[in-house]
Structures are given as structure tokens and as C-alpha cells.
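Observations on the model geometry
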Amino acid sequence: MLFGKNLINGGWAASVETRASADLDDVEFAQASAQQVDDACAAARSCFRAYSGTDRSARAAFLRTIAAEIDALGDEITVTAQKETGLPEARLVGERGRTTGQLRMFADLIESNDYLDVRIDEAQPDRTPLPRPDLRLTHRAIGPVVVFGASNFPLAFSTAGGDTASALAAGCPVIVKGHEAHAGTAELVAQAILAAIDTCGMPKAVFQMLQGPGRIVGSALVNHPEIRAVGFTGSTAGGRALYDQCHGRPAPIPFYGELGSVNPVFCLPAAMNARAAEIGAGWAASLTMGAGQFCTNPGVLLAVKGAEFDALQETAVEALNRADEQKMLTDAICRSYGAGVDALRSHSDEMTEGRRSQTPRNAMPAAFKTDADTWLSNRALHDEVFGAAGIFVECADIDQMLAVAEDLDGQLTATLQMDDADIDTAREFVPILEEKAGRLLCNGFPTGVEVCSAMMHGGPYPASTDVRATSVGTLAIARWLRPVCYQNFPTQLQHPELRD
């Protein structure tokens, strides 16, 4: 059952302004007021010390209870998310598993001391010419955190997604700004978290959720003096606006934004000689997965001009021409995709048949082609098109492909399609791509982000706003922690991980 209200300090609060759901019959969602933003931020601050001071085993139990409550609501969440996003049942069931898996992963993480990067330099009272004091460093929660739900992942990157899971694990109260594309799904997950709060006896304001437009509610949240950090997944324009606000505050705060990426795929000669058509088919399948609505969608494929590249393109284009239209997440995203495809049409050669869907909110895949000289001279071609549209970039030789790599903006991923005979060539690409992307792949496609300790999901701007941070994997918890050094502290005042 949906309340259509905002979750503030353990209660469901209505507001004067509401927004009717486009996908759920007879449901209206309260749009948070300025007073409700202030109330939520004040409540988060009031419970911060109590929550951050809880035993880590208690926080771990809380995270596992959230996962169990989400599992208990499983079918209701799936049905609601299907109605709101158009995503298929299997995808949503898998995403729910990823969401609960992340919660349990962070529960396991905080039951050890490893994530705290503890450093101890014991006193050296006899050192000359000056004695050394006892110095011990650990990491403490940064404070109340705001998390923005993502349009394309209604579960794994939204209400109880990786940002929320890692922040709660770190000891930070979280306020989620629900995404209007799946407000009902967000509320159901918030209900699950509230049930876990009650079961575990956690402070009521340790998790809160506000609905409403990002430009209003989101801006009010990131500018509130009680907020200490922000996690965001979304457009480059929206993320940059919030980033500027976070850093323009009287007391600036960290903004961890995942923004835009075209995720280039570099096809090296030996691999092209051996399996060009196979690479083309794999690229088309990756490009169209989930209607191309993944931040790791491989939007650019590069190779040296020749018969092998022609064969790759023929296979990929044939697959794209056979592909069915797919429903996109929102009408606005569908319109934006159409505008992006039109922009590519005006700057490059269209390879696919140029089909246009006549079904509202549905879109067709598209592929385009240009040469490296045009790519290097026309920055409009470098813009991410959020959807199943990609571009082939034909290079005269490996040197020109290297020049394209050098010219890239920051990316989430970069891929090398290569065989053993390409090793020497690949060595030239690796140091360039290490500067350009957060995750480098060999012989795969970047759609599909494994949730594990070694994952890096971020990259140089505009892929993300902090090249040192990841939004997926256990390292994500570092965003919500800050180092504190304790000098000559009595054992009784030390945190458990600092004691000998």
C-alpha cells in the first residue's frame, strides 16, 4: 500500500503540493516543502551522534534486516517498478537481488576493522632530540548524507542502493531524494527500511525520504547546513549544477556524482583479424541491453579502416536493424534520446535504417559512422546519448587510434578488444586509458558492473566528480568517512579498533 507521503523522522508526512503518478492509478505523491526539508535535515543531525556511535555489529544487523524486509516486499516492489519504469520482471528481480546483496556486503565489511584503515604509531618517549607522542588514526562517519535516486536503476542505485547502503554502514544518517520516475517504488523500499528501523531499535531519523523536483527539493537539501556530503547518479548538467552548489556553500561539502560516459571500445588488429563479426555482434547486444539505459553503455567503437572493420559494422548494423523497439524509463528520457539521435544524424553518417517508433515512450536503436579526423575536430560527437545509439569511428592507423584515446574526456570504462598478438600494441594504450577511465576491460563489454571489493565505478570528470571515489563496491564506504587522529588518548577514550 502506498501512502504518497514523505518519510520524515519516522512518520509519513503530507504536503500542500502533490504530483499525480503517470504510471500508477489514483496515486498522488506529496512534494516536500521547504519546511519539510528543514525538518528532515534537523532530525538527521539530531540522531547523527547516536547512530554513528552504535556498535558496528548492530549496524550490520540493521543492514541485513533492511535486506530481509525488501525481500519480504519482493513481488509488490517488482510489480510497482514494472508499471513505473517499463523494465521487465527478470531485470527487476535481478536488480532487487543486487540491492539486497549490496546491503549484506556492507554488513560483512563493517564487522571487520579493515575498512577503517587504522594506523597506530606508539609513543617513543626516549626518542631524541624530541620524544614522539602516541598517535592513532581511524575513520569516523562524516555526518548526515543526501542521496539522489537514479532514473535507470529504481532499486540498486536508488532508495536502498549502494550509496544508501554504504552511508548507513559508515554510520551516517541518510536522506534520499526520491526520483520522480519511480516514486512508488522508492516509497515501498522506504517502508522496508522503516520496518527495519523499528525492528532494530535504530533512531527514527537514520533514514528519511523526500519526494519532489530535484531543482527545488534537491537544491534545498544540498544547500542545507546540516548536510555533510551528497551522492548523485544522473545527467552531467544536473550533476554539475548540484556540484557547484555543494562547493559554493559557505562550508563546502563533498559531492560524489556519477555523470556521463561514452565508454569507448578499441578494437586492435589481431582481434579484428580473428573475430571482427563476433565483436560486432557482442557490441550490438551490449548497446541494446536495457534499451541502452546504462551508464556503462559502449557508445563508441573504434578500429582501423579495412575489410575487418567493414565486417564488424555489417554484423552489428544487421543486429540493430533486427532489434525490437524498447520502452524507455520516462517520456523525458525518450525525448532526450530522440534529440541525441537527431544530433548524431546531423554530424555523422547513419548506418541503421533510421526506424522511428510510433509507440509512446518507445525507441529504436541506431548506429552512426564517422572518421577519426571528424571525431577529433567535432566535440558534439563526444556527447553521451542515453539510450541504444552508438557510433563507429574509423581510424587510418593505430597512431590515429592512439590520438583519439589521448583526446578522450574522462570515462567510467574503456575496453580493449585484443588477442595475444596485440600485446605490444595494447601496452601503448594502457597508460593512456589509465588516465582516462576508472575501469579498463579486455575482451568484454562494460555493461554489467560486478558488486565486489575490487570494483571501481567512477572516473575522471565528466564520468564522475571525484576520480578517487567509486559508487559500486566496498571502497564506496570511504566517501562517507573522514580520518581522525588521536594523540596521547587514554585507552578508556579510544575507539575499539585503536586499542592495542
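See above for the structure.
Residues numbered from 1 in each chain as written. Predicted model: local features only at pLDDT ≥ 70, side-chain atom pairs only at ≥ 80, totals over all residues. Heavy atoms only, no water.

Here's the deal with the packing of helix 3 (residues 74–85) against helix 4 (residues 89–110)
In contact at an axis separation of 10 Å, helix 3 and helix 4 are set at 130° when each is read in the N-to-C sense. By the criterion of interaxial angle, the relationship of helix 3 to helix 4 is oblique. Here helix 3 runs over helix 4; the crossing is right-handed. Here Gly74, Thr78, Ala81 and Gln82 of helix 3 come into contact with helix 4, specifically with Glu89, Leu92, Val93 and Arg96. Each residue belonging to the contact of helix 3 with helix 4 can be placed in one class, and the counts come to three nonpolar, three polar and two charged. (Axes fitted to C-alpha atoms, helices over the stretch in contact; angles between N-to-C directions. Helix = DSSP H or I, 4+ residues; strand = E, 2+ residues; numbered from the N terminus. Parallel < 35°, antiparallel > 145°, perpendicular 65-115°, else oblique. Left-handed = near helix turned anticlockwise from the far one by under 90°. Contact = heavy atoms within 4.5 Å. Nonpolar A, V, L, I, M, F, W, Y, C, P; charged D, E, K, R; others polar.)

Thoughts on unusual backbone geometry
Cis geometry marks the peptide bond from Thr128 to Pro129, where omega comes out at 5°. With respect to the secondary-structure elements, Pro129 resides in the loop between strand 5 (119–121) and strand 6 (135–141). Of the consecutive residues Tyr461 and Pro462, the connecting peptide bond is found in the cis state with omega at 10°. The topology assignment puts Pro462 in the loop between strand 20 (437–442) and strand 21 (481–487). Unusually for a residue other than glycine, Asn9 sits at a positive phi of about 50°. Secondary-structure assignment places Asn9 in the loop between strand 1 (6–8) and strand 2 (11–13). If you check the backbone angles, Asp26 has positive phi at about 60° while not being a glycine. Along the polypeptide, Asp26 turns up in the loop between strand 3 (18–20) and strand 4 (28–30).

Things to note about the environment of Ala60
When you line up the elements, Ala60 lands in helix 2 (residues 56–72). Here Ala60 falls in the buried class, since its relative accessible area comes to 0%. Not counting residues up to four positions away in its chain, the partners in contact with Ala60 are Ala107, Ile110 and Glu111. (Buried < 20%, exposed > 50% of the residue type's maximum accessible area, 1.4 Å probe, protein only.)

Regarding the side chain of Asp134
Mapped onto the elements of the fold, Asp134 is located in the loop between strand 5 and strand 6. In terms of polar contacts, Asp134 uses its side chain to reach the side chain of Arg136, at 2.6 Å. Setting aside residues no more than four positions away along its own chain, Asp134 makes contact with Asp121, Glu122, Ala123, Tyr486, Gln487 and Asn488. (Polar contact = N/O pair within 3.5 Å; in protein donor to acceptor, adjacent residues only side chain to side chain.)

Examining the sheet that holds strand 18 (residues 389–395)
With mixed pairing, the seven strands of this open sheet are ordered in space as 15-17-18-13-12-19-20. Each of the sheet's edge strands pairs with one partner strand only, and the pair in question is strand 15 (349–350) and strand 20. In this structure, strand 15 lies alongside strand 17 (residues 366–371), joined through two bridges in antiparallel fashion. Within strand 17, the position partnered with Asp349 by the bridge is Lys369. Relative to the sheet, helix 10 (residues 307–322) contacts strand 12 (265–267), strand 13 (300–304), strand 17 and strand 18, its axis offset from that of strand 18 by approximately 170°. Strands in contact with helix 11 (residues 331–347) are strand 15, strand 17 and strand 18; relative to strand 17, the strand with the most contacts, it is inclined by about 30°. (Pairing = 2+ DSSP bridges.)

Notes on the nonpolar core
In summary, soluble globular proteins display a tendency toward joint burial of nonpolar side chains. Ranked by size, the top nonpolar core spans 52 residues in total, and within it Phe62, Phe106, Phe207 and Ile477 carry the most contacts. Broken down by secondary-structure element, the contributors of at least two residues to this core are helix 1 (34–52), helix 2, helix 4, strand 7 (145–148), helix 5 (162–170), strand 8 (174–177), helix 6 (183–200) and strand 9 (207–210). The greatest single-element share of this core, amounting to nine residues, is contributed by helix 6. By size, the runner-up hydrophobic cluster in this structure holds 41 residues, among which are Val300, Val341, Ile391 and Phe429. (Core = buried A, V, L, I, M, F, W, Y, C linked by side-chain atoms within 4.5 Å.)

Let's talk about helix 5
Count 3.6 residues to each turn of an α-helix, and residues three or four apart come out pointing the same way. With nine of nine residues buried, helix 5 is to be regarded as a mostly interior element. Positive phi appears at Gly171, one or two residues downstream of helix 5, with a value of about 105°.

Here's the deal with the side chain of Thr80
Here Thr80 is to be found in helix 3. Taking relative accessible area as the criterion, Thr80 reaches 11% and is therefore assigned buried. Thr80 has contacts with Leu24, Gly184, Thr185 and Leu188, leaving out every residue within four places of it along the chain.

Thoughts on the pattern of salt bridges
Applying the stated criterion to the full structure yields 23 salt bridges. Residue Arg64 pairs with Asp108 through a salt bridge whose shortest N-O separation is 2.7 Å. With Arg64 in helix 2 and Asp108 in helix 4, this residue pair connects regions lying 44 residues apart in the sequence. Residue classification places Arg64 among the partly exposed residues on the basis of a relative accessible area of 28%. For Asp108, a relative accessible area of 48% translates into the label partly exposed. Arg275 is the salt-bridge partner of Asp419, the closest N and O atoms lying 3.0 Å from each other. (Salt bridge = Lys/Arg side-chain N within 4 Å of Asp/Glu carboxyl O.)

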